[in-house]
Amino acid sequence: MSARIFAKIFILSGVISFTGLLPAATELPVERLEDAREWFNEDHCQAFAVNLTAAEKTNSDRMDLFDNRLALVDQTRLAICYEVFGFENLYQRMETTPESLHAIDQAISTARFSGDLASRAALQIAKYKLLQQLNPKAENLKDTYLEAVDQALSAGLPKIARHLLLSQQQNSQFLSTKNDQVQLQLNLAASYNIYRMPTMLSDAAKHLESAIELFDDSVTITDLPKLNLMLADTLFKTHNFQDSIEPLIYVHQNSMDPREIADASFLLGKAYLNQYIYKDAIPPLRAAFEFYQSHFEDSPSLGKQLVLTDYKLALANALRGDNQSDEAIELYGNVIDTRRKIVGMSNESTIEAYSEMLKQRFRLGQYEQADETLKFIQAHGINLMHISKP
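Our next topic: the overall build of the protein. Scanning the protein for helices and strands turns up 19 helices and 0 strands. Within the protein, contacts between residues at least 6 apart in sequence are counted, and of these 61% link residues at least 24 apart. Accessible area for the protein stands at about 19,500 Å²; split by element, carbon and sulfur atoms hold 52% of it.

Together, Glu209, Glu213, Asp243 and Glu246 make up a region of like negative charge exposed at the surface. Residue assignment for the negative patch shows that the elements contributing at least two residues are helix H11 (198-214) and helix H13 (241-254).

Our next topic: the nonpolar core. In terms of nonpolar packing, the biggest core is built from 47 residues, with Leu248, Leu285, Tyr292 and Leu315 touching the most fellow members. Of all the secondary structure elements, the ones that give two or more residues to this core are helix H12 (224-237), H13, helix H14 (258-274), helix H15 (278-296), helix H16 (302-321), helix H17 (325-342), helix H18 (348-363) and helix H19 (367-379). Per-element tally for this core: the top contributor is H15, with 9 residues. Sequence-distant contacts of tyrosine 292, that is, excluding residues within four places in its chain, are made with Arg259, Ala262, Asp263, Glu297, Leu308 and Tyr311. Counting 29 residues, the second largest nonpolar core, distinct from the first, contains Leu101, Ile104, Val149 and Leu153.

Moving on, we come to the pattern of salt bridges. By the definition in use, this model includes 11 salt bridges. Between lysine 226 and aspartate 223 there is a salt bridge whose closest N-O contact spans 3.3 Å. Between aspartate 371 and lysine 375 there is a salt bridge, with the nearest N and O atoms lying 3.3 Å from each other. Here the residue aspartate 371 and the residue lysine 375 both occupy positions in helix H19, the gap between them amounting to 4 residues, near one helical turn. Taken together, the salt bridges that share partners define one network made up of Asp223, Lys226 and Glu260.

What follows is about the side chain of threonine 144. Mapped onto the secondary structure, threonine 144 falls in helix H8 (residues 141-154). Within the local environment of threonine 144, its side chain forms a polar contact with the backbone oxygen of asparagine 140, the two atoms lying 2.7 Å apart. The contact partners of threonine 144, leaving out residues within four places of it in the chain, are Gln124, Lys127, Tyr128 and Leu131.

Once that is clear, we can look at the packing of aromatic side chains. The final tally for this structure, using the stated rule, is 10 aromatic pairs. On the numbers, 5.0 Å between centres and 85 degrees between planes, the contact of phenylalanine 291 with tyrosine 292 is edge-to-face. Taken together, a centroid distance of 6.2 Å and an interplanar angle of 40 degrees make the contact between phenylalanine 362 and tyrosine 367 tilted. Through a chain of ring-to-ring contacts, the aromatic side chains of Phe266, Phe291, Tyr292, Phe296 and Tyr311 assemble into a single cluster.

Moving on, we come to unusual backbone geometry. Despite not being glycine, tyrosine 276 shows a phi value in the positive range, around 65 degrees. Structurally, the position occupied by tyrosine 276 is in the loop between H14 and H15. Phi at asparagine 323 takes a positive value of approximately 65 degrees, unusual for a residue other than glycine. By the element assignment, asparagine 323 lies in the loop between H16 and H17. Exposure remark for asparagine 323: the relative accessible area of 65% places this residue in the exposed category.

The next point concerns the side chain of serine 191. Mapped onto the elements, serine 191 comes out in helix H10 (residues 178-193). From its side chain, serine 191 meets the backbone oxygen of leucine 188 in a polar contact 2.7 Å long. The residues touching serine 191, leaving out its near neighbours within four places in the chain, are Leu153, Pro158 and Arg162.

Further remarks concern the confidence of the model for the protein. Reading fine detail from the predicted coordinates is not recommended where pLDDT is low. For the protein, the average pLDDT comes to 76, and 72% of its residues sit at 70 or higher. Averaged pLDDT values for the elements of the protein fall to 29 in helix H1 (residues 3-19) and rise to 97 in H14. In this model residues 1-39 is a low-confidence stretch, pLDDT under 50, and it forms 79 contacts with partners more than four residues away in sequence or in other chains.

Interhelical geometry of H15 versus H16 gives an angle of 160 degrees and a closest axis separation of 9 Å. Classified by the angle between their axes, H15 and H16 sit roughly antiparallel to one another. As for how H15 packs across H16, the hand of that crossing is left-handed. Together, Tyr278, Ala281, Ile282, Leu285, Arg286, Ala288, Phe289, Tyr292, Gln293 and Phe296 of H15 and Lys304, Gln305, Val307, Leu308, Tyr311, Lys312, Ala314, Leu315, Asn317, Ala318, Leu319 and Gly321 of H16 make up the contact between the two elements. Counted by class, the contact of H15 with H16 contains 15 nonpolar, 4 polar and 3 charged residues.

Rules behind the numbers
Residues numbered from 1 in each chain as written. Predicted model: local features only at pLDDT ≥ 70, side-chain atom pairs only at ≥ 80, totals over all residues. Heavy atoms only, no water. Helix = DSSP H or I, 4+ residues; strand = E, 2+ residues; numbered from the N terminus. Contact = heavy atoms within 4.5 Å. Areas by Shrake-Rupley, 256 points an atom, 1.4 Å probe, with all protein chains shown as cover. Patch = residues over 30% accessible without salt bridge, like charges linked within 9 Å, V, L, I, M, F, W, Y side chains within 5 Å. Salt bridge = Lys/Arg side-chain N within 4 Å of Asp/Glu carboxyl O. Lys, Arg positive; Asp, Glu negative; His and termini not counted. Charge placed at Lys NZ, Arg CZ, Asp CG, Glu CD. Core = buried A, V, L, I, M, F, W, Y, C linked by side-chain atoms within 4.5 Å. Buried < 20%, exposed > 50% of the residue type's maximum accessible area, 1.4 Å probe, protein only. Polar contact = N/O pair within 3.5 Å; in protein donor to acceptor, adjacent residues only side chain to side chain. Phe/Tyr/Trp six-rings, centres within 6.5 Å; stacked < 30°, edge-to-face > 60°. pLDDT = per-residue confidence, 0-100. Axes fitted to C-alpha atoms, helices over the stretch in contact; angles between N-to-C directions. Parallel < 35°, antiparallel > 145°, perpendicular 65-115°, else oblique. Left-handed = near helix turned anticlockwise from the far one by under 90°. Nonpolar A, V, L, I, M, F, W, Y, C, P; charged D, E, K, R; others polar.

Take a look at the structure:
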């Protein structure tokens, strides 16, 4: 398909959107991203490429295939398939002209109104590829490339983002400063962090470690406490609690941001708690709880009130482990009251708090109080059997 026809379709789509004749969302079909992801594997891409190419040939004398709105999604899917799996690049079939670039810009403007993140990512990739062909030394080429990476990450398409990042890993134009080099490692880490699978999180941690090694005084896009907090959080998600402690202590000792320190304190306390080191867990968990209590306790936001119960529950668990029973039970009761009011009796977070308090009462021999609580819970049809935390 020629660039001129391609441009005409996209520009027409943009005009309809901006004049308000049709809702903007109808111009680029909005698909649930979960549905769209089924296209992003090699078998589907190969089959789709063959089918669409055949359809193009049979419709060579008329543009029905491209004039309907589904064609935009088809173009997007095919573009992403080519980009990820190395098929013949769709955009090489377009004339490499400023007109083609203008057509892509028009399509990006329309896609902003559609909510279709996958389309926006594919179009931004197309813009970068065309600009690279038109003017490899363009001043805005690096920004266009980084925007394509950001759009792919925002759309939940980490493989596409990594493909772009790794393809430019040796590009001195894009990696001329320490900021660029650190940004590359951060983007690669983000591409592995999206689905939070243990093996991918381990890869994310390696890239964050690389970013920390690259860091020097010339880096302005972030700072070492933030990088260490990101690394610790990633290690924590892989259940690598011991290794998360050192970067968390670094944050605690070097950050100038009170909220950052509180977040590091909470993770540090949880890291000790998950290793049953209760006495060491209490001070950082209490510090994090007191910080967020001072910010959230009087807030009208139910969400903030609910978040505060997470800090209370973690502290209560540490206190229970250290045999500081009275304060632990008081905190459990507070957590239960708040969660019952906000999310109800049957919510898993409420059940978790009930379970922890019951376990503590049984350990203390407070059988009568435990029995009363258990009867109350059972009267609401709640089963505690699936809660088995230490």
